[in-house]
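As a plain string of letters, each chain reads:
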Amino acid sequence: MHTLETALVNYWTRKTLSEKDLMETPDLGKVVLRTMAGFAAFAVLLLCLNWMATPTIDRPQVATVDQIRLMPAAKE
């Protein structure tokens, strides 16, 4: 068990950033590129989910709500 704990601690210390790495200013181009890639992936995910969703025609309760016309309020 001791060797497993030692291995986990060594792995964790290698994966964490050092103080020097944290104090460095990041390359702005990489940050913008990663942000744009993240938004693009999110947009593609939303489009795919929307494309795979069932249309409202197949769900009568939603289709009925879409067709409701509001009656004007009675004036007293």
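Fair warning: this is a prediction, and the values are worked out from it, not measured in the lab. (Residues numbered from 1 in each chain as written. Predicted model: local features only at pLDDT ≥ 70, side-chain atom pairs only at ≥ 80, totals over all residues. Heavy atoms only, no water.)

A few points about the overall build of the protein chain
- On a plain count of helices and strands, the protein chain comes out with 4 helices and 0 strands.
- Scored against the burial criterion, the 76 residues of the protein chain give a buried share of 1%.
- For the protein chain, the exposed surface amounts to about 8000 Å²; the carbon and sulfur share of it is 67%. (Helix = DSSP H or I, 4+ residues; strand = E, 2+ residues; numbered from the N terminus. Buried < 20%, exposed > 50% of the residue type's maximum accessible area, 1.4 Å probe, protein only. Areas by Shrake-Rupley, 256 points an atom, 1.4 Å probe, with all protein chains shown as cover.)

Description of a nonpolar patch on the surface
- Among the surface-exposed residues, Leu28, Val31, Val32 and Met36 lie close enough to one another that they form a single nonpolar patch of about 380 Å² accessible area.
- Its place among the elements puts Leu28 in helix 3 (residues 28–52).
- By relative accessible area, Leu28 is classed as exposed at 63%. (Patch = residues over 30% accessible without salt bridge, like charges linked within 9 Å, V, L, I, M, F, W, Y side chains within 5 Å. Salt bridge = Lys/Arg side-chain N within 4 Å of Asp/Glu carboxyl O.)

Considerations on the confidence of the model for the protein chain
- Per-residue confidence for the protein chain gives a mean pLDDT of 77, with 67% of residues at or over 70.
- Across the protein chain, the secondary-structure element scoring lowest on mean pLDDT is helix 4 (residues 60–66), at 58, and the one scoring highest is helix 3, at 92. (pLDDT = per-residue confidence, 0-100.)

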